[in-house]
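# Remarks on the overall topology
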Amino acid sequence: MYLFRGKTVSFILIFLVLCGCSYSSKTSKRMLDSSEQLVCDIIIVPGIPFDSAVGKWGDIMKARVYWSKYLLDNGVARNVMYSGSSVYTPYYEARIMALYAEAIGINKKNIYTETLAKHSTENIYYGYRKAKKLGFKKIGLATDPFQAKMLSSFVQKKVSPEVEIIPIIFDTLKAMEPQMIDPAIDYSKAYNKDFVPITQSENFWQRMQGTMGNRIDTSAYK
């Protein structure tokens, strides 16, 4: 995990950056500039687990939700779809993010959720499918530059080359930080009473295959 406030960066994150497993700030800005010319009907934002024991969102979730707000506020996108099932904790990631999104000022009518996805590849695949089914045409993927780059090849080959990828620009989030809030939400609204953790429902090999996008239900959202 990393803290976008500049407090802490994990060794894993440093490794990813040094290995080039992330879009650079310059590339992210160029991709945003390109997206501003097109305007997405909807952006897909992958989920991340919510831990009720902590009682509030983590920094990665906060960064993704605030980035989606920035894109909507600045006319880069008209709507947002948060994607994520209850994977490691008994809370639907998409619904938790939607609750936070509404709490920080995103209009509820512009918020959609997708709750089948258990892996990042499924976030964009199912999110794209559901968005298309709802009638949206220009669709984007908005997430941190690390996940965005790791998903780029999958998006091109398995989803659609027309998906606009819009990585987070952390300098922009840092400038927004004085106006950011940490609202309280009723996370019970996102609780899954039938929750079974993925570590029990899938073995390691199945989870790895899911991460690679090899266990997708192609009949979903048809």
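Note: the structure precedes this text.
This text gives an overview of the structure that appears in the document. Every value quoted in this text rests on a predicted model; they were computed, and no experiment measured them.

### Concerning the sheet that holds strand E1 (residues 42–46)
Taken in spatial order, the 5 strands line up as E3-E2-E1-E4-E5 in an open sheet, and their pairing is parallel. Strands with a single pairing partner mark the edges of an open sheet, and in this sheet they are strand E3 (111–114) and strand E5 (164–167). Sheet twist, expressed as the mean angle between neighbouring strand axes with direction ignored, is 25°. Bridge analysis of E1 against strand E4 (residues 139–143) gives 3 bridges, and the strand direction is parallel. Following the sheet pairing, Ile 44 is matched in E4 by Leu 141.

### Side note on the packing of aromatic side chains
Scanning the entire structure with this criterion turns up 11 aromatic pairs. With a centroid separation of 4.2 Å and 15° between ring planes, the pair formed by Trp 57 and Tyr 100 is classed as stacked. Note that Trp 57 is positioned in the loop between E1 and helix H3 (59–73) and Tyr 100 in helix H4 (residues 93–103), a separation of 43 residues in sequence. Ring geometry for Trp 67 versus Tyr 70: centroids 5.1 Å apart, planes at 10°, classification stacked. Residue Trp 67 and its partner Tyr 70 are located together in helix H3, separated by 3 residues, close to a single helical turn. Residues Trp 67 and Tyr 70 agree in their burial class; the two are buried. Members of the aromatic cluster, connected to one another through ring pairs, are Phe 50, Tyr 91, Tyr 187 and Tyr 191.

### Structural notes on the pairing of E4
Here E4 lies mainly inside the structure; 5 of its 5 residues are buried. Here E4 runs beside E5; their pairing, made up of 4 bridges, is parallel. What sits directly across from Leu 141, in E5, is Ile 165. Taken together, E4, helix H6 (residues 145–159) and E5 form a β-α-β motif whose crossover is right-handed.

Criteria and thresholds
Residues numbered from 1 in each chain as written. Predicted model: local features only at pLDDT ≥ 70, side-chain atom pairs only at ≥ 80, totals over all residues. Heavy atoms only, no water. Pairing = 2+ DSSP bridges. Helix = DSSP H or I, 4+ residues; strand = E, 2+ residues; numbered from the N terminus. Axes fitted to C-alpha atoms, helices over the stretch in contact; angles between N-to-C directions. Phe/Tyr/Trp six-rings, centres within 6.5 Å; stacked < 30°, edge-to-face > 60°. Buried < 20%, exposed > 50% of the residue type's maximum accessible area, 1.4 Å probe, protein only. Right-handed = clockwise from strand over helix to strand, strands pointing away.

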